[in-house]
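# Working through the structure, step by step
Take a look at the letters that make up each chain.
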Amino acid sequence: MIPVPGYEGCRVGVLGLGRTGLSAARALEAGGAIPVCWDDGDAGRQAAEAEGFAVEDLNRERPYEDMAALIMSPGIPHLYPEPHPAAARAMSAGVPLDNDIGLFFDAMAAWEPAEDDDGENDPRIVCVTGSNGKSTVSALIHHILAKAGKGAQLGGNIGRGVLDLDPPRCDETIVLELSSYQTELARRMAPDVALFLNLTDDHLDRHGGRGGYFAAKRRLFEAGAPEVAVIGVDEPEGLYLRDRAAALAERVISISGARALKGEGWSVYLKKNHLVEWRAGKQAASFDLRDAHALPGAHNGQNACAAWAACRALGLGPRQIEAGMRSFPGLPHRLEKLGEAGGVVFVNDSKATNAAAAGKALAAFERIRWIAGGQAKAGGIEPLAPLFDRVAKAYLIGDSAAGFAATLGDIPHQIGGDLSTATARAAADAKPGETVLLAPACASFDQFSSFEARGDAFRALVAEILREKETA
């Protein structure tokens, strides 16, 4: 745990008592604050009471009379589509809103080495944001650092909550995946290296549109002025952010998965199957990404470019980075190869919860038995029409099935209803050389509690199919 200083003896509200909220309450208490906790659900309140925290209804006006701040969990809206009642009460009373990311950077601003810490340099913080690829890039950077023998921790929107991390030591690197919900509200952010990967429409109701969504992302660069800014420039927003970051950061590294970037600056880009680093007007390094077996597809090419740029900014050499990329095992539910039988490959990309992410998966394979559907996002799968020629047949599940069927038109498809039925039909129909791909392009909440639960269910179904084919 990382104790949070600055609120000694003060009442601090904590709204939302899941993983993030409870860790914030513990860290505040460890720093000398008096957490006042609330969750609209009974389970959250009971969990806080079980740990001895004061529980008080923060939807009412009275608690804010002597409160120093309100710490909000990322899933709770503070502005759009409308403020949570507790957030509205706090803002009316002049109580500042913050989140665990802001508290983490408060703690890091006061960081001092432990007595037994004989390292030479302060900890460094790497923050990764963007619409797609954040988890893979964050995990890849962490893996490369660990493979190179460097001290590193991974947290934020992946793995451990930021305040549940161990107090950092000298020469260590903290790698954080940050969502727009987290960057939007944090009052303090001061990364050493900040990465912006890409921008596609997502969470637009939460941010009041695409402009608000982008504004939430770019706060990572504007609020903290990182030493190094790694910017994906394949969308107009990335080009704009690179222009702005040039005045804020000491160095800017441009990355692209779509075009060569041979300028006088520092860039990393994808050229066919090779990652190329361009620096000071010449090629500085090149790596054949076919050697990184857990990073298939052009979108993972961009992910690899981002991780390479960040690790180079941290001082690693090309050979160290290459070794980490070759040994990277990949992440669950993200183009996760589950197995092969009879020439048919089964791939779990349950994390593809919107059309843009599903499009990356479709582009990675030639002939696909596509399992799609769930709780649809705005725009559905219309943006994927240019990739429909890769679909041998679609197997549609969940609330979106009828709408997706209408969009597919003449593309072969059938409504399976549930994941089990769709998986069985896709496996039975698949021919050698084809891929059975779960890439839902939807949220999971109509049938599953999370994309992880959906992916775990698919993994279990495929495991049974593979066992049956082995014994046949």
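What comes next concerns the included structure. Since the model is a prediction, treat every value here as computed from it, not as a measurement.

The 5 strands lie next to each other as β3-β2-β1-β4-β5, forming an open sheet whose pairing is parallel. If you trace the sheet from one side to the other, it starts and ends with β3 (54–55) and β5 (97–98), each paired once. Bridge count for strand β1 (residues 11–15) against strand β4 (residues 67–72) is 5 bridges, and the pairing is parallel. Residue pairing in the sheet places Arg11 in a bridge with Met67 of β4. Its contacts with the sheet place helix α3 (residues 85–92) against β1, β4 and β5, and it is angled at close to 150 degrees to β4.

What follows concerns the environment of Pro77. When you line up the elements, Pro77 lands in the loop between β4 and α3. The exposure class assigned to Pro77 is partly exposed, which follows from its relative accessible area of 22%. A C-alpha to C-alpha distance of 29 Å links Pro77 and Asp234, two positions 157 residues apart in sequence. In this structure Pro77 touches Met72, Glu82, Pro83, His84, Ala87 and Arg206, once residues within four positions along its chain are discounted.

Once that is clear, we can look at the pattern of salt bridges. According to the stated counting rule, one finds 26 salt bridges in the structure shown. Among the salt bridges present, the one from Arg160 reaches Asp166, with a minimum N-O distance of 3.1 Å. Residue Asp166 is classed as partly exposed on the basis of its relative accessible area, which comes to 39%. It is possible to trace a salt-bridge network through shared partners that takes in Arg11, Glu56, Arg62 and Asp66.

Grouped together as the largest cluster of nonpolar side chains are 52 residues, with contacts concentrated most on Leu28, Phe104 and Leu176. The element that contributes the greatest number of residues to this core is helix α4 (residues 100–109), accounting for 6 residues. Ignoring sequence-local partners within four residues, the contact set of Phe104 consists of Ile2, Ile125, Val162, Leu163, Ile174 and Leu176. Grouped together as the second largest cluster of nonpolar side chains are 42 residues, Leu195, Leu270, Trp308 and Leu331 included.

Thresholds, definitions, all that
- Residues numbered from 1 in each chain as written.
- Predicted model: local features only at pLDDT ≥ 70, side-chain atom pairs only at ≥ 80, totals over all residues.
- Heavy atoms only, no water.
- Pairing = 2+ DSSP bridges.
- Helix = DSSP H or I, 4+ residues; strand = E, 2+ residues; numbered from the N terminus.
- Contact = heavy atoms within 4.5 Å.
- Axes fitted to C-alpha atoms, helices over the stretch in contact; angles between N-to-C directions.
- Buried < 20%, exposed > 50% of the residue type's maximum accessible area, 1.4 Å probe, protein only.
- Salt bridge = Lys/Arg side-chain N within 4 Å of Asp/Glu carboxyl O.
- Core = buried A, V, L, I, M, F, W, Y, C linked by side-chain atoms within 4.5 Å.

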